[in-house]
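Residues per chain are reported as follows:
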There are 4 protein chains.
Amino acid sequence: MKRNIFVEPLAQTYIEKQEIEIVERKGIGHPDSIADGLAESVSRSLCNMYLEKYDHIFHHNTDETQIVGGQSAPKFGGGVVLEPVYILLVGRATTEVDGERLPYRSVAIKAARKYLKKHCSHLDVDADVMLDCMISKGSVDLMGVYDNKPKDFLSNDTSFGVGHAPFSETETIVLDAEQYINGRLKKSMPEVGEDVKVMAARIGNKINITVAAAMVGKEIPDSDHYKSVVQELKDKVHKQAERFTEREINVDVNTADDYKKGIYYLTVTGLSMENGDDGSVGRGNRANGLITPYRPMSMEATSGKNPVTHVGKIYNLLSNQIAQDVAKVGGGDILECHVRLLSQIGMPINNPQAASVKVKLADSVKMKDVKSDIEGVVDGWLQDTSKITNLVVKGKIGTF
Amino acid sequence: MKRNIFVEPLAQTYIEKQEIEIVERKGIGHPDSIADGLAESVSRSLCNMYLEKYDHIFHHNTDETQIVGGQSAPKFGGGVVLEPVYILLVGRATTEVDGERLPYRSVAIKAARKYLKKHCSHLDVDADVMLDCMISKGSVDLMGVYDNKPKDFLSNDTSFGVGHAPFSETETIVLDAEQYINGRLKKSMPEVGEDVKVMAARIGNKINITVAAAMVGKEIPDSDHYKSVVQELKDKVHKQAERFTEREINVDVNTADDYKKGIYYLTVTGLSMENGDDGSVGRGNRANGLITPYRPMSMEATSGKNPVTHVGKIYNLLSNQIAQDVAKVGGGDILECHVRLLSQIGMPINNPQAASVKVKLADSVKMKDVKSDIEGVVDGWLQDTSKITNLVVKGKIGTF
Amino acid sequence: MKRNIFVEPLAQTYIEKQEIEIVERKGIGHPDSIADGLAESVSRSLCNMYLEKYDHIFHHNTDETQIVGGQSAPKFGGGVVLEPVYILLVGRATTEVDGERLPYRSVAIKAARKYLKKHCSHLDVDADVMLDCMISKGSVDLMGVYDNKPKDFLSNDTSFGVGHAPFSETETIVLDAEQYINGRLKKSMPEVGEDVKVMAARIGNKINITVAAAMVGKEIPDSDHYKSVVQELKDKVHKQAERFTEREINVDVNTADDYKKGIYYLTVTGLSMENGDDGSVGRGNRANGLITPYRPMSMEATSGKNPVTHVGKIYNLLSNQIAQDVAKVGGGDILECHVRLLSQIGMPINNPQAASVKVKLADSVKMKDVKSDIEGVVDGWLQDTSKITNLVVKGKIGTF
Amino acid sequence: MKRNIFVEPLAQTYIEKQEIEIVERKGIGHPDSIADGLAESVSRSLCNMYLEKYDHIFHHNTDETQIVGGQSAPKFGGGVVLEPVYILLVGRATTEVDGERLPYRSVAIKAARKYLKKHCSHLDVDADVMLDCMISKGSVDLMGVYDNKPKDFLSNDTSFGVGHAPFSETETIVLDAEQYINGRLKKSMPEVGEDVKVMAARIGNKINITVAAAMVGKEIPDSDHYKSVVQELKDKVHKQAERFTEREINVDVNTADDYKKGIYYLTVTGLSMENGDDGSVGRGNRANGLITPYRPMSMEATSGKNPVTHVGKIYNLLSNQIAQDVAKVGGGDILECHVRLLSQIGMPINNPQAASVKVKLADSVKMKDVKSDIEGVVDGWLQDTSKITNLVVKGKIGTF
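Residues numbered from 1 in each chain as written. Chains lettered and ligands numbered in written order. Predicted model: local features only at pLDDT ≥ 70, side-chain atom pairs only at ≥ 80, totals over all residues. Heavy atoms only, no water.

J.: In this structure, what is going on with the sheet that holds strand β18 (residues 354-361) of chain D? I would like to understand it.
T.: Paired through backbone hydrogen bonds, the strands of a sheet run either parallel or antiparallel to each other. Residue and element names in this part refer to chain D. Strand order in the open sheet formed by four strands is β1-β18-β17-β11, and the pairing between neighbours is mixed. Each having just a single partner strand, β1 (5-9) and β11 (160-165) make up the two edges of the open sheet. Across the sheet, the mean angle separating the axes of adjacent strands is 15° when strand polarity is ignored. The strands touched by helix α7 (residues 311-328) within the sheet are β11, β17 (334-342) and β18, with β11 carrying the most contacts at an inclination of about 25°. Strand contacts of helix α8 (residues 367-383): β1, β17 and β18, with the helix running at about 145° to β1, the strand carrying the most contacts. (Pairing = 2+ DSSP bridges. Helix = DSSP H or I, 4+ residues; strand = E, 2+ residues; numbered from the N terminus. Axes fitted to C-alpha atoms, helices over the stretch in contact; angles between N-to-C directions. Contact = heavy atoms within 4.5 Å.)

Encoded structure:
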């Protein structure tokens, strides 16, 4: 099969040379990320249920989750959640196979609770969350798409995926900062909750990093301790960011605080959703973990969609994988690579209407030197989209 | 204080001499009983929260809980819950005291989950239940009633409580049967779920006992085992009932079964609410644990009401306590005793509009011999209604 | 067919001779009555849907409705509902017939909205109510009961119905008072909302009537007007009650008011559910429209149950009809009549385990003179239970 | 005040010269658009409530609405909705001002119902929708931002807005097509529902337009009629599109149909949400009405945010207004204009951290000729952001 692969030069200013760049990452505990995480974990649990019983992933899309913020009264040294967070799982699933009804809702709820317990370390899931599930069966027509073998899956929509690589310095710093805070730093700084938002605005050669981190009241006895935590976080994020750039860095933490007025970003659970912050799927990070308004982006919500036939999900994940592999071609000579995959409704998923790769090359290299290698990368990934499916089902690829 | 206590003879046929008597008990796992139990456990947890913080029980009434049955696919040797049970906690609470906001909803949800885990041994509360809470603050006026000391609490309503003692043979058998099945029998017969309904119709000297017991699929490998469990349960309940009567007894278990058509009362969780049975507060057992249409009954839902000012709750519990103590007066000479307490809105709770006691005496005893003792019993209980409050808060008195 | 009809003398003090009698009616706008009314209207609309399409009423029970009170800020001359009332329709229905799926939820919601619009004249149903429906399909087994012709319907439960007639003076007064206030009085006194509760306690020959009537803010400019409405209502209810008794009457209206403290029973909509009063099915009036703790009562919720096979509903309605007809036998010589119907699971509905009629006769008449007539009445009603079904479906018989 | 306005050349290939361009518009009846529309109408109604009472718009953000698709059984000539659509309004509002509690939820629900009635012509809002509202009060801190005069409003976030103008041919065609179908065409083609999705992929000089239009069963007697409607729609959209381009156009309508298998895009209400399609705010069209993955886009959900202090909303709307006005500078010599506004948390809204305008000029014009005019446009709009606020409150500017 000859695929519609187009490799062209990227005709715009190299990202690192642009005057302004803005990058944001909503951390794992941000309400929108929690919605994404729940949607994806529910989809994964459904996949596993289907696979265990029938060795086949049936139709489902659980890419809608609404989080309604609770009410809390945080304070230094403690605090309580007054009204629990309400979480509504929404979506469609195959509820019955060959006359056998499946425990789709119980599986979804169990997965959701497990996810919350794993990722929200200060949340008392048994008291501070109300979890509802309105997932129900989808329309019958769409399910027909599944009657074929994986390779023959046809696009269910004219859809679109986009990815880029490598990450710019600013992008690298933002992604790393959040993973650092919610990863290695967690043990030494238990005061910092999972709801961390990192935003960086690079203007010329100065990178301003703003971190909004929900602090956990019971780990912080008083305002002095709070201030010292803020300072420590600032210093550590700064030091960590320096590993990725020579540019001037400035870090601000919890800029909305006003110590004189007694305003601190204090929470009970380390999650802003405890007190009025709502969240939903597809409103936060793109499939690569970032929000990058100076890069091409897809509006498609990747989290929660089924990883077999939903082109929107598969193409976004594929684009990122392809971009990353393309960026490795030529050993650093590809400065920037944009990948866009466009499906055609009714055509096989692995034969897109257009697979467009735009690359900005270092002066030392010519397009003809890399073109066929790039095409090979694209062709390789498209040959077998089940690779992406497997990565998703096993939880080895992020969606937000 | 002179209380309005009226002691009179009971001018009707002695219950054991009546031709027909019907008695029912919805077991601990019946949807209506679960609703009652949740409502009461939520109220108790609120009481304790208020007491711990303020040494005072503030206004609340959590006497509404709606259980919406789920969907399940039970089978011998296993089965799954398809769609979880939905439970909605409803009611009113004091949400704020002296400007301090209280975790009333989190406390309610935690109590409810704990209750379910404790009393529904085969239910996976993390997967098979969705628990919502719409408890919110009550109307302001009613709260004014609380500004006084316990003794001075005024009735919030023209309300009514009723109790009787001692239990008839049929009543004793029914109450005991359910407690026996859900108590001592549990270890030796894990196949029997908590959703047990016992009904007895005494016609003349024959007592027909009907037990509907939800069986737990995973404990029952096949239909033969099921049948043997039904037979064993029948025999044991029969034997147990014989301890309380000389009358002829007949026991039926799961009469809606139809083995030929493959109809068994089989469940996944031992609870009929898993598959379409709904439940709500106040629809099941009266405060004495029974439904007794041949006895005076109150419509008041006792479970979930606050045990300090809610006359409906207090008078029903008091009436039963008084009746039991009155029945002890004279060492068995009081065959039957009906107690009715009638409040007057705006008057102190411990001074009812009428405290009426009707007694049926054995031939060997005269009213004048017992009257003042009976009055003493009534007066004693009315003197300090906080005794009832304490029993409720400590969970030492049942409400359903 | 020989039916198990037992006619006996009623061996207890005639109700009018008893020292105390308590009677209550929750008016049409009381939250529990609204729940009853919604449940019944939903059932009726499902009956009609089934009848129109298949000329057959299929299995359903919509006898659970939870009303969660809203929040309001009433004031003289106006007021607003702050948070709408939440209403959850719950129950079971036949959702599919011969492969055709039915609009059961849309029909239920439409019926419920229509009911509210008709009976809650001051309620803005489009703004002040949130209406949810969780009615879903019932368990499969129960539906088998429907495979037969009406006459052969078998009892689905060991159930029980009860009725009495004629009404005592106090009962007559209470029922009439509410219907008077919510009926003829409505036009001349628009200030009085539909949420009216009437309670009467007769002690000896004195009848104390307490009316709690939610007043409608926008119809009442100020406190003087309020006071005059209360006085007028008191006078009119008093005068109306006098039509039914020679006894001394005392009427109190809105006894919880405290003018000095500025406490009035004022509402925006004439419904206490606007501000924190919850309601649910089966917690209020019995099938005869009253709560009568000095009479035999059934705990069964009559409203919302299907009128074809649900013994609990049918037997309660039948018992009342039978009692009324029995009371007419002998032209007033039957002072009091209690009817109890007891079903036997698996037996035809029209052949109860026991149909017990107890009558208190005037001195002028002997049991043998009326016994066969009474038996004839019972037999007549039992011969064709579809009469009750039809009355229910056409809305010609009340259930609360 | 000197604003940080940067005007630069746009250093990338002119959009009309790029090889591929993809543009999508989710029509007014698409579930995501309905969510957007509801969120915005609720916000607008709150604005008006606040303005009427206090002449001031208080804090609120109602930018979360979850639509859970129902179940329907469409058919030619009719069809029914089986299970209503569930809609959950979510967000934050000022619920109390100076001790006066406000009817925020009733206002929200009323606005939502009104919106649905206006924009969903075939939907029976009284039967086929269940509308819930969980809007509640926001966190206290954020409200402090409102204590100042409009001009002094400080950014509540480091946020970002983006806009471009003029629209490319493909963009113009897509936007126009949907407005045409849901506008002028409605009267002559009542068969076409409001749920219309238009997607166009331009590859070189060929524009493939795909229209997915939910057809209304009751307006279409049979499949022949359906086919003729599809053909007519195709022809009309084609003809309409020709007005905007010389390029080759291809139009497809309802490509997922498969007449042989009996698959038609048939609905009861003209809305796919009736049968399993879910929707939520911010997942569809950007503030300019389109989804344009080949243009810079913001992830921010514009609909439902308050139009006074929410930078994300204001800057996205402003960017589009600025871009449109900039595009007019020089009479068509500005081929393409990208506007990006970047706020700085804690700084006045009308003084962004950076207001960046990139323009692609026709060969005939030089940057220096237009630069100061462009700066003037930007400065003008920034001087008074209340212009945007007013447009929003009056409903004169779209947000999706």
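J.: Would you take a moment to explain the interface of chain B and chain C for this structure?
T.: As a measure of interface size, the accessible area lost when the parts come together is often cited. Every contact between the two is made by 66 residues of chain B and, on the other side, 66 residues of chain C. Taken over both partners, the interface formed by chain B and chain C buries close to 5,000 Å², and the fraction arising from carbon and sulfur atoms is 56%. The three residues of chain B that bury the most area against chain C are B:Glu64, B:Arg283 and B:Met299, which together make up 16% of that side's buried surface. At the surface where chain B touches chain C, the tally comes to six salt bridges. The shortest N-O distance in the salt bridge between C:Arg92 and B:Asp278 comes to 2.7 Å. No other element matches the six residues that strand β3 (residues 60-68) of chain B contributes to the side of chain B that touches chain C. A breakdown of the residues in the side of chain B that touches chain C according to their chemical character gives 26 nonpolar, 24 polar and 16 charged. (Buried area = accessible area lost by both parts, 1.4 Å probe. Salt bridge = Lys/Arg side-chain N within 4 Å of Asp/Glu carboxyl O. Nonpolar A, V, L, I, M, F, W, Y, C, P; charged D, E, K, R; others polar.)

J.: Looking at this structure, how should I read helix α2 (residues 104-119) of chain A?
T.: Quick reminder: α-helices carry 3.6 residues per turn. Residues three or four places apart thus point the same way. Over its 16 residues, α2(A) runs 22 Å from end to end, which matches the ideal 22 Å to within 8%, given 1.5 Å per residue. Burial in α2(A) covers these residues: A:Tyr104, A:Arg105, A:Ser106, A:Ala108, A:Ile109, A:Ala111, A:Ala112, A:Arg113, A:Tyr115 and A:Leu116. (Expected span 1.5 Å × (residues − 1). Buried < 20%, exposed > 50% of the residue type's maximum accessible area, 1.4 Å probe, protein only.)

J.: Just to check I follow, could you spell out the relation of the copies chain C and chain D for this structure?
T.: One copy of the chain maps onto the other through a rotation about an axis followed by a shift along the same axis. With an RMSD of 0.0 Å, the fit of chain C onto chain D corresponds to turning through 180° and sliding 0.0 Å along the axis. Given the turn and translation reported, the copies of this chain are related as if by a two-fold rotation axis. Looking at chain C, 100% of its interface residues are interface residues in chain D too, so the copies touch through the same face. (Least-squares fit on C-alpha atoms with pLDDT ≥ 70 in both.)

J.: In this structure, what is going on with the sheet that holds strand β17 (residues 334-342) of chain C? I would like to understand it.
T.: Residue and element names in this part refer to chain C. In spatial order, the strands read β1-β18-β17-β11; together these four strands make up an open sheet with mixed pairing. Single-partner strands in this sheet number two, and they are β1 (5-9) and β11 (160-165). Along the sheet, successive strands turn relative to each other by an average axial angle of 15°, direction set aside. Sheet contacts for helix α7 (residues 311-328): β11, β17 and β18 (354-361); angle to β11, the most-contacted strand, approximately 25°.

All we've got here are geometric facts, nothing functional implied.
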